[in-house]
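Overview (structure and organization)
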Amino acid sequence: MQQQKTLISEAARPKMIAKTALLIVSNPNHIGKILPSLTKQVNKTLYIQLLSALSSPLGSFCPEIFNVWPKFTQTISGIYAQTLQFEDLDVRVLLSGLKYKNVEYIKTRQPIDLVVFDKCYPEDDITNFIKTRIPSITDSYSILLGDSGEFEEPTVDATRDYNVYKHSVLGGTFDRLHTAHKLLLTEAALRATEKVTVGVTVENMLGSKTLWELIEPLENRINGVKDFLEDINPEIIHNVVPISDMYGPAKDDPTMDVIVVSSETERGGVKVNEMRCKCGLQPLKIVTVDLINDPNPSPHEEIKVSSSTRRIRTLGKVIQAITPKAHLTEKPYIIGLTGGICSGKSGVGRRLAELGAYHIDCDKVAHFVYEPGKPAYNKIVETFGKEVVGENGEINRKEIGAIVFKDPKQLQKLNSIVWPAIVEEVQERIRKSNADVVVMEAAILLGAGWNKHCHEVWATVIPPDVALQRLQERNKLSLEDAKSRLAAQIDNKKYIEAANVVFYSLWDTETTKKQVDKAWELLLERIKCINT
Ligand SMILES: CC(C)(COP(=O)(O)OP(=O)(O)OC[C@H]1O[C@@H](n2cnc3c(N)ncnc32)[C@H](O)[C@@H]1O)[C@@H](O)C(=O)NCCC(=O)NCCS
Ligand SMILES: Nc1ncnc2c1ncn2[C@@H]1O[C@H](COP(=O)(O)OP(=O)(O)OP(=O)(O)O)[C@@H](O)[C@H]1O
């Protein structure tokens, strides 16, 4: 039989990057050796199946620990720990082969287009294995073979309790499902013979979290948890429900046996039990998982792996697909930059100008079109009367503000004069600039509907309490005045919903600059793709 010698190396790379790969592992301790090159070949999901847990023609090992599922916790934590630095890859360690004897098929929800073995096997055996064991394989799959797999006995912590129960429970926000979440869910699945219940926090529990506005909608978070559990252990029931307090269904469900927490939420587990006692129910067994630390936290990021860090890392990147607008020409590429008062728009605009964009501040353009002899001047005087003209012949903006801010109809009239004049002036400046990239900065971008003139919308946000403080300091306003200015604008969530890219100027200006520099670099790549 001919031995296939392909190793994971530059030469052996399949031509296409796979969306989903399945790694069949005989040595879970050495996955870290394969991952750096493997992560260049797969860009979405990496399933991991321990070969040693399968009855397989490629060889099967069945040491004593495979009869007690929760003993896998340490092995699986070890596997995930080796994947931590590849956070863009969705890694999923499959449990069915571990929990149930004589499992023959490796079932995955995503179709597999690359199969990787950490060891060389005869070619015929591999082909046969793939055909008979992986029903979700695509027609055009590729194979890679590594050379790190010789089975090593997994380590087991003899002091831990490895009991299994019918029904396990856990809770969380589960925003951007990360490695620590996956380990908690895995522990819950390993402990349960029949059912896992997961409580997912609803919006009223999220307000204190960093960048809470970027937390995914409840439905997405629930679906993320369900999808993961269905992949790793489809054989048990997954009951994933919204919770609006820290107890969720765990406070009064008599069928639950065990709650899985981390060392930071252990106290929550104890409180759940206190509540159960009040309801006359048995306390839940508490299984505590250690905290997992982030391999490379930056300043302002948490030491532990966390969803907040993942949210921070999206700043400057595209968070919402960019819809092509057929009515816009490819060049210049126009970015609409918007955000609330004192959110840092001007700072971001200035940095983009330093990087090479043609920056137009629409506030300044508005001042320009009000000037005597400029497009809006005569119409404003015709509409609002000579009273709005000051002694110097210029429009008195305070005077006109007093008229329009107490009467929405008058405001609408003013906007219908000034907005088109601004757009016309902006377009004229863009034409003259001959720029490749234009940044059109406007607080009212969304309200005025100017986003239709932009290829992308970028938004700056800060928490309302910080905006309040900055506004008082910068504009020398009283607390009351600053509050009413803030109350009049749309909230951060609306900006974020409309934005393709978001900046958060909460920290020092250097951190904001880094977000902008990243956004610029990624933008240039995008535009290059469009132009080539
Ligand atoms: C109130 C709760 C649910 C809110 O969840 P939280 O916002 O903390 O969720 P988050 O998505 O951040 O984390 C979910 C779970 O993963 C754990 N976790 C998060 N990061 C890490 C990490 N780096 N390492 C280990 N565990 C981690 C959390 O401690 C938590 O147990 C939670 O904190 C809690 O008190 N849980 C214990 C009680 C419980 O489970 N109640 C609901 C039962 S249905
Ligand atoms: N990253 C940052 N860290 C600390 N302070 C900042 C940061 N960015 C901006 N600021 C401060 O916040 C205030 C508002 O910034 P800036 O003027 O850029 O906001 P803006 O969105 O353009 O405001 P407006 O629309 O109200 O004119 C300024 O006083 C600025 O110094």
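Residues numbered from 1 in each chain as written. Chains lettered and ligands numbered in written order. Predicted model: local features only at pLDDT ≥ 70, side-chain atom pairs only at ≥ 80, totals over all residues. Heavy atoms only, no water.

**Considering the overall build of the chain**
Which entries qualify depends on this criterion: Each helix is a run of DSSP H or I of at least 4 residues and each strand a run of E of at least 2, with the numbering of both proceeding from the N terminus. Whether two residues touch is decided by their heavy atoms; if any such pair falls within 4.5 Å, the residues are in contact. Shrake-Rupley sampling with a 1.4 Å probe provides the accessible areas, and residues are treated as covered by the protein chains on show and by no other component.
Of the regular secondary structure elements, the chain holds 17 helices and 15 strands. Overall size of the chain, expressed as C-alpha extent along the three principal axes, is 95 × 65 × 35 Å. When contacts within the chain are restricted to residue pairs at least 6 apart in sequence, long-range pairs at least 24 apart make up 78% of them. Of the roughly 25,900 Å² of accessible surface on the chain, 51% is carried by carbon and sulfur atoms.

**Re the packing of helix α5 (residues 179–191) against helix α6 (residues 218–232)**
Rules: Each axis is a line fitted through C-alpha atoms, and for a helix only the stretch in contact is used; angles between axes span 0 to 180 degrees, taken between their N-to-C directions. Convention used here: angles under 35 degrees read as roughly parallel, angles over 145 as roughly antiparallel, angles from 65 to 115 as roughly perpendicular, and any remaining angle as oblique. Crossing handedness is defined as follows: a turn of the near helix away from the far one that is anticlockwise and smaller than a right angle gives a left-handed crossing, while the clockwise case is right-handed.
Remark: α5 packs on α6, axes separated minimally by 11 Å, with the N-to-C direction vectors making an angle of 50 degrees. Put simply, α5 runs oblique to α6. Of the two possible hands of crossing, α5 and α6 adopt the one that is right-handed. Residues Lys182, Leu185, Thr186 and Ala189 of α5 lie in contact with α6, whose contacting residues are Val225, Phe228, Leu229 and Ile232.

**Some points on the UniProt feature "domain: Cytidyltransferase-like" (unreviewed entry) in the chain**
What counts here: UniProt positions are given in the numbering used here, feature names are shortened, and annotations may be inferred rather than shown by experiment.
Mapped onto the present numbering, the UniProt feature "domain: Cytidyltransferase-like" (unreviewed entry) falls at residues 169–290. For residues 169–290, the end-to-end C-alpha separation is 17 Å, with 34% helix and 25% strand making up the annotated structure.

**Concerning the state of the cysteines**
The term disulfide refers to a covalent linkage connecting the sulfur atoms of a pair of cysteines. Condition: Note on terminology: pairs of cysteine sulfur atoms within 2.5 Å are recorded as disulfides. Each residue is placed in one exposure class: buried if its accessible area under a 1.4 Å probe, protein chains only, is under 20% of its type's maximum, exposed if it is over 50%, and partly exposed if it falls in between.
Overall, the coordinates contain zero disulfides when judged by the stated rule. The thiol sulfur of Cys277 is not disulfide-bonded, and the nearest other cysteine sulfur, from Cys279, lies at 9.2 Å. On the basis of relative accessibility, which here comes to 48%, the residue Cys277 falls in the partly exposed class.

**Focus on the sheet that holds strand β9 (residues 258–262)**
Our working definition: A pair of strands counts as paired when DSSP detects no fewer than two bridges linking them.
Spatially, β8-β7-β6-β9-β10 is the arrangement adopted by the five strands of the open sheet, whose pairing is parallel. With partners counted over all chains shown, the strands left at the sheet margins are β8 (237–243) and β10 (285–289), one partner each. Across the sheet, the mean angle from the axis of one strand to that of its neighbour is 25 degrees, orientation sign disregarded. Here seven bridges tie strand β7 (residues 192–201) to β8, and the two strands are oriented parallel to one another. Following the sheet pairing, Val198 is matched in β8 by Val240.

**Focus on the sheet that holds strand β12 (residues 358–361)**
One open sheet holds the five strands; their spatial order is β12-β13-β11-β14-β15, and the pairing between them is parallel. Among the strands making up the open sheet, the edge pair consists of β12 and β15 (501–504). For this sheet the average axis-to-axis angle between neighbouring strands, irrespective of direction, equals 20 degrees. Pairing analysis gives four bridges linking strand β14 (residues 456–461) to β15, with the strands arranged parallel. Counted as the bridge partner of Ala459 is Val502 from β15. Where helix α9 (residues 345–355) meets the sheet, it contacts β11 (333–339), β12, β13 (437–441), β14 and β15, and its direction lies at approximately 155 degrees from that of β11. The strands touched by helix α10 (residues 362–370) within the sheet are β12 and β13, with β12 carrying the most contacts at an inclination of about 55 degrees.

**Section: the site of ligand 2**
To be explicit about the condition: Near is defined per residue: the residue qualifies when any heavy atom it owns lies within 4 Å of the molecule or strand. Identification of polar contacts relies on pairs of N or O atoms within 3.5 Å, with a donor-acceptor requirement for protein atoms, meaning one able to donate a hydrogen and the other able to accept it, and with residues adjacent in sequence counted only if both atoms are side-chain atoms.
Near ligand 2, the surroundings consist of 15 residues, among which Lys345, Ser346, Arg474, Trp507 and Thr512 are the closest. Lys345 is positioned such that a nitrogen or oxygen atom in its side chain is 2.6 Å from an oxygen atom of ligand 2. Within the backbone of Ser505, a nitrogen or oxygen atom sits 3.4 Å from a nitrogen atom of ligand 2. Computed on the free molecule, ligand 2 has an accessible area of 630 Å², of which 72% lies beneath the protein chains in the complex.

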